[in-house]
Each structure stands twice: as C-alpha cells, then as structure tokens.
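Given next are the chains, with one letter for each unit.
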Amino acid sequence: MKDEAIYRRLFRTALLIRLVEERIIDLYPSDKIQSPVHLSIGQEAVAVGVCDGLKPDDLVFATYRSHGFYIAKGGSLDAMFAELYGRKGGVSGGKAGSMHLAAPEVGLMGSSAVVASTIPHAVGAGLSFKRRGASQIAVAVFGDGATEEGVYHESLNFAALMKVPVLFLCEDNGLAVHSHRPARQSYRLTGHAASFGIATRRVEEGWDVLAIRRATLDAAARVRAGEPFVLEIATSRYKEHVGVGEDFHFNYRTSDGVDAWKRRDPLIVDTKLAAALRPEIDREIEAAVAFAEASPAPGRAELLTDVI
Amino acid sequence: MRKLDYAGAIREATAQEMERDPRVFVYGIGVPTWSSIFGTTKGLPEKFGKERCFDTPISEDAMTGFGLGAAIRGLRPIHIHIRVDFMILATNQLINMVSNYTYSTGGKLKVPLVVRAVIGRGWGQGAQHSKSLFSNFTHIPGLKVIAPTTPSDMKGMLTAAIRDDNPVICFEHRWLYWAEEDVPEEPYEIPLGVGRILRPGKDVTIVGLSWMNVEARLAADILAKRGVSVEIVDPRTLAPLDEDLIVESVKRTGRCIIADCDWVDSGFSAELSARINEKCFGRLKAPVKRIGFAHTPAPTVRELENEFYPNARTVVHAVEDMLGLEAANLDGEDFFSHERRFRGPF
C-alpha cells in the first residue's frame, strides 16, 4: 500500500479519536459521563501509528489516558461510550469507566489509573508468548512520568534478563500531571534503557503517524525476534491532565509549546482531508452516543458480580 | 497412608499440579536455590526445568505484576515470598491490580494467580521478619485468603488454590513446616471457603488461626485434664469465610475465644468477633475474647518475645478466666519453642 493510502487510513483513525474526545468535551457538562477523563487530544498519532505498526493479535497494556489506544486497537465505539456512561452495554458493563478501559477481545488488555502499574503485566504476557513459541508481542504503554516508578526499572531488568518480547512504549509529553520532566528526572530514558542492554529509539515527530508507524514496525520486528525494546515518542498534551478544559491559566506552562505542536498537527493542518472524512465519523459517533443513551444502567443485580 | 510434613505437603501438591497442568509454574526470590523456601520447592527445578521453576530479581512489585500478566494469558503462576514482610512491596499490584482485574474487565479476564507468603516467628526474627497481616488482605474484595494449619489441609487447599481461576493468597506459618500427619498420596482438593472442626467440645469454642491451632490443641489437652471440654474451629480459609461453621459452634458452646497469631487491633480477630456478636448475641454466656500479638512491633529479644506472642499458656488462662476457674499451675506442662521443633501429630 502506498504511503498516501496508509496516511489516509491512519489520519481517519486519529481524527476519529479527536472527534470522540471533542464529543466527550461537549457531553461532559451534562454529567452523563460520571467519571474522570484524561484526554489524549494532541497525542492521537502515537496510539494510531503504534497500533498500526502492530499485528492484530499483539497485546497492549495501557494507562488512564487510553481512549486513543482503545480506538486504535479496534475497540467498539458503542461499547466505549456506554462504558463512559457507566451503562450495562459498556465494554466492561460500566464497571471500568474511562480510567480502566479494557477490550481484551481486540487486544487492549487493561489500563490503570495508578501510574506504571500495567508495565509488568506486559512482561508477564510477553513471557507467555515466549513459552508458547508464539510470534506475538506485548506492548507496555506509559508516560514519561511512569519511568520514575521503581516498577519500570524492575520490569526492564527482568525483560532484558529473560529476553521477553515486550515493546516498552513511552509517550513523552514532558509532563507528569503539572510537573515538568527536567524537575523530575536525572536520567535520559534511552541511555538508562541501554544500561540494561535494551535497544532504544526516540522519535521526535510525534505528530507524524507514518513516522511512528515505521518506527513501531522496526521496533516490533526486533521484539518479535526475541528481545525487549524501548521506543520513546515525543508528543504533546493539549488539554489539562484530567478533565476537559485547558490549563494554561494556571501558569505552570505556556501555550507556546502546544501552539508550535498544533502548527504541525495534521488533524488541524490538513483541513481538506478532515472535512472529507468528518461527516461519516460524526454519524458513527452519534450512533455510539445514542447507543450509550439507550443502554440501561447497572443495578443491584450487578453490584457484586465479577468480584471473584 | 504415609506421614508427610507440611513442607512436603506443599511440595507434593505443587509437583502434582505441575505434572497435571503444564500451565502451572513457580517463581520467586530464592525459589530454585538450595534453600528452596523451607524445602517446599525442593526438587522442582530438576523435575520441571528452570522455565517452570525460576528465581527472580529482588523485585516483588514487578514480579507480582508479571504474574498477573502471565495469568490473564492463560498461565497459572505460583509466586512465593519467603517472608510476608517482603510481599508488602507488592501491595500496589495485589490491592490495586490483581484484586480488581476481573471486576474492571467486566469478568472477561480471570487471574489464576497463587501467592504464597511465609508468616510467623522464628528465632529473634524481629519487626520485619515475623508478621502475619491476615486482615490487610482479607479486607480487600477480589482476593481469596487461606491459612491452612495441618499438612493434609495444606495439600488439599493448595491444590484447590492452584486450580482456582481467581487470585489466592496462601499464608504459611513457618513453625508448621515440620508438622507431620497422614496425608493421602493422590492429588485431592479441599474446597476453599470451608472451615473445619479440629476438635469437638462443648464448653467453649476456640477459633484458631494458623499456628494458634497448634497452641489451642495443646491448651485443650491441658484443660481436658481438669474436665473442661474445648471445641477448636479452624476457618482454614479466611476469605471467603465459613461463617456458618463458626456461628453454629459458638451457639452450641455459648462461649468463644479467638486465638490469632497477628495483632489484635483491627486484626482478623476483630472481624471474627464482630460476626460472632452479630450472629450469636443472645446465645453468648460471656463476651467474645481475643488473643493475639501485643500492640508493638515484634521484638527480637527472647524475654520480650515470650511476652509478645500468645501460646498455649495464654489460651489456657483465657479459658479459665472465661469459665471462672482458678488459674492452674502449668509448671509441669511441655510447651512448644523454636528449639523444640514441633512435628505433630495433628
């Protein structure tokens, strides 16, 4: 397939994610989405480029900012909106909400609101592939802040030691909630990973789905051959850490960095393609919202299910 | 039938399940080394290979998450901590991840993970090597918690735990490893959530936890000589709890002493006491009494250990107190100590 056709496909998925999250912003004041949301607006290209560079049966373990990975991995939009609404038709029957989105049927195995907690899960899943001699790989998705957690270091060490097929994917938006990376880290991620003997790559063009896809294909091939890999992708979080607004008025960051990113963001710049794709995507989203609206709420009968 | 000790029962259950089910594997710090977790994993690396019985970095947190990841992919990991005090480093994974994974995925993913943790005193082990922490984990929905006392219970319950599709934490008191009794050679399951009357009696019920059942049994022998009939109930599984068995026993005897090898304050004994009071209120002839650790970090020096840990003597005096009997002179009685390794029988 030519790059142009791939670009169009990936652009569509990225636009879908953005429009889904913009719909969430519209809906949020209605209080129909009764759960914190961490929007990935600005970071869509990472989820889309990475998931397209994977095989459908590769597994992704993600974070609380995972609407993008859910959609990019092929999760049902109806079930996603119903989940955000806390309805029985939700992907987890309304029990996961936004922060614990999981769709194992398409390979999104889980996501966690506790930073870094899903990283070792990918290592365990990776070992299960190795044991079976399968060519699947596991992907641990985390932010730059998660690399400060001990479990990240522990997971890297064990994956390198056991040669587990895990792709460690760092979405580097430079922020941990409201703290900037230089205030938090004394190390460079790639240099640190190299000390475990793990191959690394950093992609600066985090707006470029094709560049991310290519980097993922390369990294995944190495992982499939039987070694972990750390792929770091620079990106930009346009919105506040949690919630649907912006946060420049808190003066912990300026809009300059985000504005520079927006000037290169295809979803903003490529207005022609966006306009062409939008009507169909809008219909898809409205259908999903309607599905969520019509789905019944869980009740007493569901209170104690799926505990053990 | 042949005699087998508690460590041997663990080893046999594990080996039989590994034999039966190639998805089962065992791992943890020091697991395949010569010390083999008090002998409980001895021979497993030779028999099943280092892919199914392996050592890990000193990374309790990641290794627990690793177990979760393997479990949701269809493997059946057994993760071992040679001290429960070390398992605390995995608390995030156990309490934030393992316990609610099935819930958060709407029941789509199960976590068939067994976590074994060694508890209990040794010799001067002190504040970081001798906790029990039952209630820290029974407090959490989504975890099963077992603390078998006898070798035959251990074999059947560990087998059931390995076959269970849900996470199970297994507490093993280190003084029990040397306990021996007749244990069937073939694999068998004892269902989780079912307690056991270790000794029938009519005057007072002692609900014993783990090692304290050994002390309670010795206390019951001493008290029997004075005509006091003690019933000992071992819940065996702490979560889900076999409440009916305990409640029926206490309704029969009208008296209850809970003997725990853990702190009393907010301990599992508090949960038991609350449930007994809720269900047996009109039938109690005396308030429920609890026995456990003194409310201080575990001491290392023997003189303080003797004051800190409850034992058969404590149990005897608690029963005497409840029944309004004179305190007996126990000078001639033979009590357990680390130096005199307990070997049963049960």
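Residues numbered from 1 in each chain as written. Chains lettered and ligands numbered in written order. Predicted model: local features only at pLDDT ≥ 70, side-chain atom pairs only at ≥ 80, totals over all residues. Heavy atoms only, no water.

**Remarks on the overall build of chain A**
Right, on to step 1. Looking only at helices and strands, one finds 12 helices and eight strands in chain A.
Right, on to step 2. In terms of C-alpha radius of gyration, chain A reaches 19 Å, essentially the compact-globule figure of 19 Å for 308 residues.
Right, on to step 3. Counting the 308 residues in chain A, one finds 57% classified as buried.
Right, on to step 4. Sequence separation of at least 24 residues holds for 74% of the intrachain contacts in chain A that already meet a minimum separation of 6.
Right, on to step 5. Of the roughly 12000 Å² of accessible surface on chain A, a fraction of 54% belongs to carbon and sulfur atoms. (Helix = DSSP H or I, 4+ residues; strand = E, 2+ residues; numbered from the N terminus. Rg over C-alpha atoms; globule rule 2.2 N^0.38 Å. Buried < 20%, exposed > 50% of the residue type's maximum accessible area, 1.4 Å probe, protein only. Contact = heavy atoms within 4.5 Å. Areas by Shrake-Rupley, 256 points an atom, 1.4 Å probe, with all protein chains shown as cover.)

**A closer look at the interface of chain B and chain A**
Right, on to step 1. Between chain B and chain A, the residue contacts involve 36 residues of the former and 39 residues of the latter.
Right, on to step 2. By the criterion of area lost to chain A, the three top residues of chain B are Arg 73, Tyr 103 and Lys 108 of chain B, representing 23% of everything that side buries.
Right, on to step 3. Here chain B and chain A share two salt bridges between them.
Right, on to step 4. Connecting chain B to chain A are 10 residue pairs in polar contact (both at pLDDT 80 or more). (Buried area = accessible area lost by both parts, 1.4 Å probe. Salt bridge = Lys/Arg side-chain N within 4 Å of Asp/Glu carboxyl O. Polar contact = N/O pair within 3.5 Å; in protein donor to acceptor, adjacent residues only side chain to side chain.)

**Quick notes on the sheet that holds strand β7 (residues 168-173) of chain B**
Residues and elements named next belong to chain B.
Right, on to step 1. Taken in spatial order, the seven strands make up an open sheet running β3-β2-β4-β5-β7-β6-β12, and their pairing is mixed. The strands lining the two open edges of the sheet, one partner per strand, are β3 (53-54) and β12 (237-239).
Right, on to step 2. As paired strands, strand β6 (residues 144-146) and β12 are joined by two bridges and run antiparallel to one another. Its bridge partner lying in β12, Val 145 is registered against Ala 239. (Pairing = 2+ DSSP bridges.)

**Thoughts on helix α11 (residues 271-294) of chain A**
All names here are of chain A.
Right, on to step 1. Spanning 24 residues, α11 covers 33 Å between terminal C-alpha atoms, matching the ideal 34 Å at 1.5 Å per step.
Right, on to step 2. Helix geometry: α11 is bent most strongly at Arg 278, by close to 45°, with proline Pro 279 lying one to four residues after it.
Right, on to step 3. Looking at α11, one finds that the buried residues are Leu 273, Ala 274, Leu 277, Ile 281, Ile 285, Ala 288, Val 289 and Ala 292.
Right, on to step 4. For α11, the elements touching its buried residues are α1 (3-27), α4 (77-84) and α10 (266-269). (Expected span 1.5 Å × (residues − 1). Bend = angle between axes of the 7 residues up to and from the residue.)

**Focus: the packing of aromatic side chains**
Residue and element names in this part refer to chain B.
Right, on to step 1. A full pass over the atoms with the stated rule returns 22 aromatic pairs over all chains.
Right, on to step 2. Geometrically, the ring pair formed by Trp 211 and Phe 336 is edge-to-face, given 5.7 Å between the ring centres and 70° between the ring planes. Placement of the pair is Trp 211 in the loop between β10 (204-208) and α10 (212-224) and Phe 336 in the segment after α14 (312-323), with a sequence separation of 125 residues. An identical accessibility class is assigned to Trp 211 and Phe 336; each is buried. (Phe/Tyr/Trp six-rings, centres within 6.5 Å; stacked < 30°, edge-to-face > 60°.)

**Here we look at helix α12 (residues 268-280) of chain B**
Residues and elements named next belong to chain B.
Right, on to step 1. The first and last C-alpha atoms of α12 sit 18 Å apart over 13 residues, in line with the 18 Å expected at 1.5 Å per residue.
Right, on to step 2. Inspection of α12 places Phe 268, Ser 269, Leu 272, Ser 273, Ile 276 and Cys 280 among the buried residues, and these make up the whole buried set. The arc that holds the buried residues of α12, viewed along the axis, is 135°, so those residues lie on one side.
Right, on to step 3. Those residues of α12 that are buried are in contact with α8 (134-138), β10, β12, α11 (243-253), β13 (256-263) and β14 (289-293). (Arc of directions from axis to C-beta.)

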